[in-house]
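Commentary on secondary and tertiary structure
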Amino acid sequence: MEGVGFVSGSGALGLVRSAGVRKCKAPTMVATTATGKQSKFEAMRKKYGVAAKDLGEVGFSYDEFDAAVANYESNLTQGETVVGNIFECTARGALVDIGAKAAGWLPADEFATAPVEVPSEYFAPETAIELIIASQEDSNGQLTLSLRRLEFQRCWDRVIQLQSEDVPVFCEVISINRGGVLVKIQGLRGFIPQSHAGDLNMENAEVGRQISVKFLEVDPAKNRLVLSKKLASASRKMNNFAPGQVVEGVVSGIKPYGLFVDVDGVSGLLHISQISHSHIPDVGALVDIGQPIKCMVLNQDKNKGRMSLSTKVLENEPGDMVKDAEKVFAGAEEVAQRYREKLEAEKKASAEVAEEIVSALDFARV
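No experiment lies behind these values; they were computed from the predicted model shown.

Turning next to the overall build of the protein chain. The number of helices and strands found in the protein chain is eight helices and 17 strands. The proportion of buried residues among the 366 residues of the protein chain is 33%. Long-range contacts, defined here as pairs at least 24 residues apart, represent 55% of the contacts in the protein chain between residues at least 6 apart. Here the protein chain has roughly 22,100 Å² of accessible surface; of this, 51% comes from carbon and sulfur atoms.

Structure below.
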């Protein structure tokens, strides 16, 4: 056998001649586990074209490495928020150290809510960012991450908070069609139905304009964000009105249950029970569409952008609205002043009674 060397496949022994003594070469590191199956580490080695290592250089097997890694399981779950450090950024995405056994993968289309022009330059090395885990581990133990989903989640949180505060907010018009207006608000896309566009000019000339709106529907689960410019305008104008105030408007609608009155762009309801002390069998026989009318504000509903109105409290005598409405309108301010004074007196009397009750209870305790 002297002078002959045997060369076999990977992991086999090669016999070489050295000073007349046969020596065994260190076996090449095999790419199988104890069960004989290809390990995930070998799969990754082949995928990325990394040469196999000599056991003499590495000092441990794939099984030993797999067992060691298993002791450091991170137990991260899909939907969880984590903080990671960017250590490589490419045109396809970024590798992020999130403390797991494998680097997390942040695809380029998950960098932000808006498209990124040059992904490889979007993050600087060692940038610390907060991310959401977007997938389960793959066969290589790698997790897919997303910054875009986390930003969207925070956008919805801000919108829900603004809705709870019931305040007008600004948004940008991005397109207009026959159905309504598409807008961008707090990083999200919203829709204003044409019936709630208010005085918005339904032409492309409005694109790019900042407008004030209020929320009609906020549903993150259905990705629905419906807004109203009409309610925002009404809400702003309603700050000019107060209960007990006499306002002038125009009859904009006639229904069996009462009248709708437009008061400087704000819709008010004059219910049939608040028109007169006398019975009114037919509201349509009393007024016409477009007819001027004076009413007193009873209360406001800012959520719906409406006011409740009354002409009954402006009557000097029951039935005056039916007999001579112009006479009622002429003396409206005087009658309303008496009505406000009456309410103020009743409020003061109620406060005095409450104070007497509290004083009596304090005396009883003594």
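Of the strand pairs in this sheet, strand S3 (residues 81-89) and strand S6 (residues 128-133) are connected by five bridges, and their pairing is antiparallel. Bridging from a neighbouring strand, Thr81 pairs with Ile132 of S6. Where S6 meets strand S7 (residues 145-146), two bridges bridge the pair, whose relative direction is antiparallel. Opposite Ile133, over in S7, you have Leu145 as the bridge partner.

This part takes up helix H4 (residues 148-165). If you check H4, its first and last C-alpha atoms are 26 Å apart, about what 18 residues at 1.5 Å a residue would give, namely 26 Å. Residues of H4 that are buried: Leu150, Cys155, Trp156, Val159 and Leu162. Note on H4: the residue one or two positions beyond its end, Asp166, has a positive phi of about 55 degrees.

Here we come to the sheet that holds strand S14 (residues 258-263). As summarised here, the arrangement of the five strands in space is S13-S14-S15-S17-S16, forming a closed barrel in which the pairing is mixed. Each strand of the sheet is rotated relative to its neighbour by a mean of 50 degrees, with strand direction disregarded. The pairing of strand S16 (residues 292-301) with strand S17 (residues 306-310) spans five bridges and is antiparallel. By the bridge assignment for S17, Gln300 is matched with Met307. Docked against the sheet, helix H5 (residues 229-238) engages strand S15 (266-271), S16 and S17, running at close to 75 degrees with respect to S15.

Further remarks concern the pattern of salt bridges. Inspection of every chain in the model, using the stated rule, returns four salt bridges. Of the charged contacts in the structure, one is a salt bridge between Glu110 and Arg148, with a shortest N-O distance of 3.2 Å. Note that Glu110 is positioned in the loop between strand S5 (104-107) and S6 and Arg148 in helix H4, a separation of 38 residues in sequence. Among the residues examined, Arg148 registers a relative accessible area of 24% and is labelled partly exposed.

The next subject is the confidence of the model for the protein chain. Within the protein chain, residue pLDDT values average 78, and 77% of them lie at 70 or more. For the protein chain, the element scoring lowest by mean pLDDT is strand S1 (residues 15-18), at 34; strand S12 (residues 224-228) scores highest, at 93. Confidence drops under pLDDT 50 across residues 1-33; counting only partners more than four residues distant or on other chains, this segment forms 45 contacts.

Attention shifts here to empty space enclosed by the protein. Under the defined criterion, the tally for this structure stands at one cavity of 30 Å³ or more. Roughly 40 Å³ of internal volume is contained in the largest cavity. For the largest cavity, the full set of lining residues is Leu314, Glu315, Asn316, Asp320, Lys327 and Val328. Per-class residue counts for the lining of the largest cavity are two nonpolar, one polar and three charged.

Before going further, it helps to examine H5. The element H5 is largely enclosed, with a buried count of seven among its 10 residues. Along H5, the positions that sit buried rather than exposed are Lys229, Leu231, Ala232, Ser233, Ala234, Ser235 and Met238. Among the structural elements, strand S10 (188-193), strand S11 (210-219), S12, S15, S16 and S17 are those in contact with the buried residues of H5. Looking at where H5 begins, the residue whose side-chain oxygen comes 3.4 Å from the main-chain nitrogen of Lys230 is Ser228.

Our next topic: the packing of aromatic side chains. On inspection of all chains with the given rule, the structure shows four aromatic pairs. Between Phe111 and Tyr122, the ring centres sit 5.6 Å apart and the planes meet at 25 degrees, which makes this aromatic pair stacked. Here Phe111, found in the loop between S5 and S6, pairs with Tyr122, found in the loop between S5 and S6; they are 11 residues apart in sequence, far enough to count as distant. Relative accessible area serves as the criterion here: at 0%, Phe111 is assigned to the buried category. By relative accessible area, which is 37% here, Tyr122 ends up partly exposed. Each ring, one from Tyr122 and one from Phe123, has its centre 4.9 Å from the other, and the planes form 90 degrees; the classification is edge-to-face.

This part covers the pairing of S12. Counting buried residues along S12, four of its five residues qualify, which places the element largely inside the surrounding structure. As judged from the five bridges shared by S11 and S12, these two strands associate in the antiparallel manner. Residue Lys214 lies in a different strand from S12, and its bridge partner there is Ser228. Hairpin connection from S11 to S12: four residues lie between these consecutive antiparallel strands, with Asn223 at a positive phi of about 55 degrees.

On to the environment of Glu137, then. With respect to the helices, strands and loops of the structure, Glu137 is situated in the loop between S6 and S7. Since its relative accessible area comes to 35%, Glu137 is described here as partly exposed. Taking the C-alpha atoms as reference points, Glu137 and Ala102, separated by 35 residues in sequence, lie 9.5 Å from one another. If near-sequence neighbours (up to four positions away) are discounted, Glu137 is found in contact with Lys101, Gln142 and Leu143.

Parameters and conventions
- Sequence order as written defines residue numbering, which begins from 1 separately in each chain.
- Local features are withheld for residues below a pLDDT of 70 in this predicted model, meaning they are given only at 70 or higher, and side-chain atom pairs are given and counted only at 80 or more; totals for whole chains, interfaces and linings count all residues.
- Water and hydrogen atoms play no part in the side-chain values, which are based on all heavy atoms of the structure.
- Each helix is a run of DSSP H or I of at least 4 residues and each strand a run of E of at least 2, with the numbering of both proceeding from the N terminus.
- Throughout this description, buried means an accessible area under 20% of the type-specific maximum (1.4 Å probe, protein chains only), exposed means over 50%, and partly exposed covers the range between.
- Working rule for contacts: check all heavy atoms of both residues, and any pair within 4.5 Å makes them a contact.
- Under the convention used here, a 1.4 Å probe and the Shrake-Rupley method define accessible areas, while residue burial counts only the protein chains that appear.
- Strand pairing is defined by DSSP finding a minimum of two bridges between the two strands.
- What a helix is expected to span follows from its residue count: subtract one and scale by 1.5 Å.
- Note on geometry: axes are lines fitted to C-alpha atoms, helical ones only across the stretch in contact, with angles between N-to-C directions running from 0 to 180 degrees.
- Salt bridges are defined by distance alone: a side-chain nitrogen of Lys or Arg within 4 Å of a carboxyl oxygen of Asp or Glu.
- Confidence per residue, as judged by the predictor, is encoded in pLDDT with a range of 0 to 100.
- Here a cavity denotes a set of grid points, spaced 1 Å apart and computed over the protein atoms alone, in which a 1.4 Å probe fits but from which it cannot get out, and a pocket denotes an open set meeting protein on both sides within 12 Å along at least five of seven lines; residues with an atom within 4 Å of a point are reported as lining.
- Grid points are joined across faces, edges and corners, and a volume is the space filled by probe spheres set on the points.
- Residues are grouped as follows: nonpolar covers Ala, Val, Leu, Ile, Met, Phe, Trp, Tyr, Cys and Pro; charged covers Asp, Glu, Lys and Arg; every other residue, Gly included, is treated as polar.
- Each polar contact in these results corresponds to two N or O atoms within 3.5 Å; when the atoms are within protein, one needs to be able to donate a hydrogen and the other to accept it, and residues that are neighboring in sequence are counted only if both atoms are side-chain atoms.
- Only the six-membered ring of Trp is used, alongside the rings of Phe and Tyr, when aromatic pairs are assigned; centres must lie within 6.5 Å, and planes under 30 degrees apart are stacked while those over 60 apart are edge-to-face, with the rest tilted.

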